[in-house]
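One-letter residues, chain by chain:
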Amino acid sequence: NAGVMQNPRHLVRRRGQEARLRCSPMKGHSHVYWYRQLPEEGLKFMVYLQKENIIDESGMPKERFSAEFPKEGPSILRIQQVVRGDSAAYFCASSRGNRDNEQFFGPGTRLTVL
Amino acid sequence: GESVGLHLPTLSVQEGDNSIINCAYSNSASDYFIWYKQESGKGPQFIIDIRSNMDKRQGQRVTVLLNKTVKHLSLQIAATQPGDSAVYFCAETPSGYALNFGKGTSLLVTP
């Protein structure tokens, strides 16, 4: 049973470009969470999605950031017009249920904005 | 705002010794707590969890203690091994799903 898959593992973008981060949850998991981790800090919650629904996006910046989890295919975290401050590791996690269910994390995408 | 914090940023122990990593939380609404281990370049890995109706839970070589009175959480690792070297995060879930992570404690196991 494959774990949570994320790609790309490393992404380099210039300021103003768009970044697309993909996450495929574990088989049987329909709940996806995105977190951001700055160097030497803990992970910060960004958004929680179920298939075709955004449940909670309270941790996601209102501008330039969006997330989706379509009926078919991976979850996408999209960052438009990236700035240097967007450089971070972005982790996706998935769970079988929602409340207090163990979240399994992917290996992360390390975004570097030049 | 309310947050999760860790007492010590780094901890160095000798192989074979026991390790104790501490965490303070301030959100009284949290009823579920988890410890994660993160190795360099990898995603967090679940270690052990505990619900607020318990004060102790044991796993393989790990024990989590929860003191709700002082809002304190600790992770004990018995007979620490070099493979235990990593950053350890405690997390709480005041919303029931979003994990609220602390900053992490770096554990270094020396031979």
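Caption draft 1: Region of the structure containing the overall build of chain B. Of the regular secondary structure elements, chain B holds zero helices and eleven strands. If you list the helices and strands of chain B from N to C, you get β-β-β-β-β-β-β-β-β-β-β. At 13 Å, chain B has a C-alpha radius of gyration in line with the 13 Å of a compact globule built from 111 residues. Its C-alpha atoms give chain B principal-axis dimensions of about 40 × 30 × 20 Å. Here chain B holds 111 residues, and 44% of them are scored as buried. Entry remark: accessible area of chain B is about 5300 Å², with carbon and sulfur atoms responsible for 48%. Of the side chains in chain B, 9 bear a positive and 9 a negative charge, and the two mean positions are spaced by 2 Å.

Caption draft 2: Local environment of the packing of aromatic side chains. Within the structure shown, the criterion is met by twelve aromatic pairs over all chains. Geometrically, the ring pair formed by A:Tyr35 and B:Phe101 is edge-to-face, given 5.9 Å between the ring centres and 85 degrees between the ring planes. Note that A:Tyr35 is positioned in strand 4 (residues 31-37) and B:Phe101 in strand 10 (residues 100-101), a pairing that runs across two chains. Take A:Tyr35: its relative accessible area is 0%, and that puts it in the buried class. The exposure class of B:Phe101 is buried, given its relative accessible area of 2%. One aromatic cluster is present, formed by A:Tyr33, A:Tyr35, A:Phe45, A:Tyr48, A:Phe105, B:Tyr36, B:Phe46, B:Phe89, B:Tyr97 and B:Phe101 through successive ring pairs.

Reading guide: rules and limits
Residues numbered from 1 in each chain as written. Chains lettered and ligands numbered in written order. Predicted model: local features only at pLDDT ≥ 70, side-chain atom pairs only at ≥ 80, totals over all residues. Heavy atoms only, no water. Helix = DSSP H or I, 4+ residues; strand = E, 2+ residues; numbered from the N terminus. Rg over C-alpha atoms; globule rule 2.2 N^0.38 Å. Buried < 20%, exposed > 50% of the residue type's maximum accessible area, 1.4 Å probe, protein only. Areas by Shrake-Rupley, 256 points an atom, 1.4 Å probe, with all protein chains shown as cover. Lys, Arg positive; Asp, Glu negative; His and termini not counted. Charge placed at Lys NZ, Arg CZ, Asp CG, Glu CD. Phe/Tyr/Trp six-rings, centres within 6.5 Å; stacked < 30°, edge-to-face > 60°.

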